[in-house]
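Summary of the model geometry
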Amino acid sequence: MAAPARSRAEVVLSLGVLALGLGAAWIAFSLPETSGYARIGPNFMPKFVAGGLVLMGVWLLAEVFTGGWREAVPDDPAARGEHAFSWPAFAWVSAGLFAQMALIHTGGFVVAAMALYACVARGFGSPRFVRDLALGVVLGLAVFLFFVRFLNVNLPAGWLQPVLGAAGI
């Protein structure tokens, strides 16, 4: 019986994930032991992530040596469900990101979120720009109030400072 065909790329990537996990484990276990609340210190998460990487590398290697990776992604973009690149969608989303960066300090978080939401929605094909602006205000205000009131994170209120009052300080 012939041995199963192995893809060189699958072997290399599996060994790479395993090596990354082993390197991360070596670094994580060299961190100083300090325990915090509930005896979990700052080095717990690096050890957890390193363990996950090692397990994933071993799993991928096991799949390589037992017939290849399962449920591999097809090489054909149409078979993967991908669409052709859309310059107008890219332009709308990029414009939204630049508008958010430009407005966050002057217009405030809610206004910047409104602009970002409306531009991204337009980039994804929404023809109702005014509705998207309104939804952007509602969602931006909800996120703003959640961060300011419950998480005690200061976000810029900008132009809505008179409306938001002490919530935007």
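Scroll up to find the structure this text is about.
Figured I'd write up the structure that's included with this text. (Residues numbered from 1 in each chain as written. Predicted model: local features only at pLDDT ≥ 70, side-chain atom pairs only at ≥ 80, totals over all residues. Heavy atoms only, no water.)

Re the environment of N152
Relative to the helices and strands, N152 is located in the loop between α5 (129-150) and α6 (161-164). For N152, a relative accessible area of 64% translates into the label exposed. Expressed as a C-alpha distance, the spacing of N152 and E71, which sit 81 residues apart in the sequence, is 45 Å. (Helix = DSSP H or I, 4+ residues; strand = E, 2+ residues; numbered from the N terminus. Buried < 20%, exposed > 50% of the residue type's maximum accessible area, 1.4 Å probe, protein only.)

Here's the deal with the pattern of salt bridges
Across all of its chains, the model carries 1 salt bridge by this definition. Notably, a salt bridge pairs D132 with R131, separated by 3.2 Å at the nearest N-O pair. (Salt bridge = Lys/Arg side-chain N within 4 Å of Asp/Glu carboxyl O.)

Here we look at the packing of helix α3 (residues 87-103) against helix α4 (residues 109-123)
Contact geometry of α3 with α4 gives a least axis separation of 7 Å together with a crossing angle of 180°. In terms of axis orientation, α3 runs roughly antiparallel to α4. In this structure, α3 contributes A89, W92, V93, A95, G96, L97, A99, Q100 and L103 to the contact, and α4 contributes V111, A112, A115, L116, C119, V120, R122 and G123. (Axes fitted to C-alpha atoms, helices over the stretch in contact; angles between N-to-C directions. Parallel < 35°, antiparallel > 145°, perpendicular 65-115°, else oblique. Contact = heavy atoms within 4.5 Å.)

Considering helix α1 (residues 8-30)
For α1, spanning 23 residues, the distance from its first C-alpha to its last is 33 Å, which sits close to the expected 33 Å at 1.5 Å a residue. Among the residues of α1, E10, V11, S14, L18, G21, A25 and A28 are the ones counted as buried. (Expected span 1.5 Å × (residues − 1).)

With respect to the environment of F129
Among the secondary structure elements, F129 is positioned in helix α5. Through-space distance from the C-alpha of F129 to that of L103 is 18 Å; in sequence the pair is 26 residues apart. Aside from chain neighbours lying at most four places away, what touches F129 is W92, A118, C119 and R122.

Bear in mind that shape data such as this cannot, by itself, settle questions of function.
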